[in-house]
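As a plain string of letters, each chain reads:
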Amino acid sequence: PRRMDSVLDILDALETPARGGSPGTAAALGRGLGVCSTPGCRAVLGEPPRTPKRPLALTPGQWQLLTELLRHDPATPELGAVLTPDGSTVALGPLLAGIEVGLRSGGFGPPLPTLDPPADPLLAVTITEALGTSFLLAQRGDNNATTLGPSGCWDDMENPQNYTLRGPPSPVPDPVAVGAMDGVILGMQMVRGPFPVVELLRGYYGVGNDSEAGRVPSSYRRRDFGALVGHERLEKEVAAVLGVLRTVSPSPELLRDMGTQEVVEVARRAAQEFSERYVECPAIMPRCLWGARPYRGTPAPLQPPLGSVFLHHTLEPAQPCWTFSTCACAMRDMQRFHQDTRGWDDIGYSFVVGSDGYLYEGRGWHWVGAHTKGYNTQGFGIAIIGDFTATLPDPNTLALVRDELLPCAIRSGHIRPDFTLRGHRQLGRTDCPGNALFQEIQGWPSFQ
């Protein structure tokens, strides 16, 4: 299966000293297989070694999987992606490149070159070259060219083999963006001292950790990446890496005849759009990832921007969900109840919020829901999983809705800047969203 635990089994075999391995083996193999094939990455990590043969520590099946995942093909970047326990899909290329830069910055392996103009090597191999290239392509070509995204769907969440993008691909589809953010976060940890790569990844992704004690570190990637990089620094580093690309031979055709101000403008747009999409907005798990049934009948379209958001709690399940598997199960249970017992066309909510750090797509941004009787065409219904009659959701979950989802929905044109936020009980005979949560939201901006 194309899961992170399959990759970690391979890394374990390659890098465990007792089995003749050492840290950095996987990164070197990755470069030999084509992970670092772009001009900027080669400027940082050097020319790739010759195509390697299968290490004796790996079975033929493991070698085939590793070869398929690490062979870089700009036309199909989704082929290098794996599914992680938090439900995210991660491209291994930028992840492993970031880890190698961290190892070498921490003194393990040959020193890194000094780039001219000065550019952060860690950001260059993970996100800034890919981001700058994507926006250069858009500027030089069709104005409707896709610069970021899309997300995608796995064929089988239990035994993932094929990942299909849900729209026209860009050089930075969601798995590449997620892998790049993880590469930066984990590369920075490596800088502070070489750490067994397998242990680092197991702890970060929660592989083998099925407890409900709390969120896994990988679910905080947007917050942590934003804290490490920030919008202004990202803009500066995109411009810097484009400057580095001017010096390589042959110079990329995209940069020929481009003035300094044009490069600065590309970097500004790239950093702004990446930050808004992948740092300031919450991640949304599409229906295909949580295992949604098809919509029954024909959905009615909404007419955005809408003027209202209605907040709910699910009541059942009563306990918050802390992992992707339990949140996805809760979504399937709710959809069954809404369709089979209530007789609705689909799960009623527009979006559902888990305590695992993710939004789950219900009816979504485009279709009329069944969440607030008499008002479904006027606003979006957002439900938080749990019973919040006596207790509140954890602070991170509240912040996800208040500080990320609602401002993001304004920027993307789904709700009006002057929208009103209401609790379900204000519009119907119900205790929803629970006494504790209703009291909490009365202090939020836009509450009416």
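Residues numbered from 1 in each chain as written. Predicted model: local features only at pLDDT ≥ 70, side-chain atom pairs only at ≥ 80, totals over all residues. Heavy atoms only, no water.

Student: Summarise the UniProt feature "domain: N-acetylmuramoyl-L-alanine amidase" (unreviewed entry) in the chain; cite the residues concerned and give the values.
Tutor: Taken from the UniProt record, the annotation "domain: N-acetylmuramoyl-L-alanine amidase" (unreviewed entry) applies to residues 295-434. For the annotated span residues 295-434, helix accounts for 25% and strand for 21% of the residues, and the straight-line distance between the end C-alpha atoms is 29 Å. (UniProt positions renumbered as here; feature names shortened; annotations may be inferred. Helix = DSSP H or I, 4+ residues; strand = E, 2+ residues; numbered from the N terminus.)

Student: Talk me through the side chain of Arg-222; I want residue IDs and the actual numbers.
Tutor: In this fold, Arg-222 is placed in helix 9 (residues 221-228). Setting aside residues no more than four positions away along its own chain, Arg-222 makes contact with Met-181, Arg-277, Tyr-278, Val-279, Cys-281, Pro-282 and Ala-283. (Contact = heavy atoms within 4.5 Å.)

Student: Outline the pattern of salt bridges, supporting the account with residue identities and numerical values.
Tutor: Considering all chains together, one arrives at 21 salt bridges under this definition. Across the pair Arg-31 and Glu-100 runs a salt bridge, and its minimum N-O distance is 3.1 Å. Here Arg-31, found in helix 2 (residues 25-33), pairs with Glu-100, found in helix 5 (residues 92-105); they are 69 residues apart in sequence, far enough to count as distant. Where Asp-224 meets Arg-223, a salt bridge forms, and the shortest distance between an N and an O atom there is 2.9 Å. Among the charged side chains, a network of salt bridges with common partners joins Arg-31, Glu-100 and Arg-104. (Salt bridge = Lys/Arg side-chain N within 4 Å of Asp/Glu carboxyl O.)

Student: Tell me about the packing of helix 5 against helix 7 (residues 174-191), and name the residues and values.
Tutor: Contact pair helix 5 / helix 7: the axes reach a minimum separation of 7 Å and the direction vectors enclose 15°. Here helix 7 runs roughly parallel to helix 5, going by the angle between their axes. As for the relative orientation of helix 5 and helix 7, their crossing is right-handed in sense. In contact with Pro-94, Leu-95, Gly-98, Ile-99, Gly-102, Leu-103 and Ser-105 of helix 5, helix 7 contributes Val-176, Gly-179, Ala-180, Asp-182, Gly-183, Leu-186, Gly-187, Met-190 and Val-191. Here the contact of helix 5 with helix 7 is built from residues that sort into nine nonpolar, six polar and one charged. (Axes fitted to C-alpha atoms, helices over the stretch in contact; angles between N-to-C directions. Parallel < 35°, antiparallel > 145°, perpendicular 65-115°, else oblique. Left-handed = near helix turned anticlockwise from the far one by under 90°. Nonpolar A, V, L, I, M, F, W, Y, C, P; charged D, E, K, R; others polar.)

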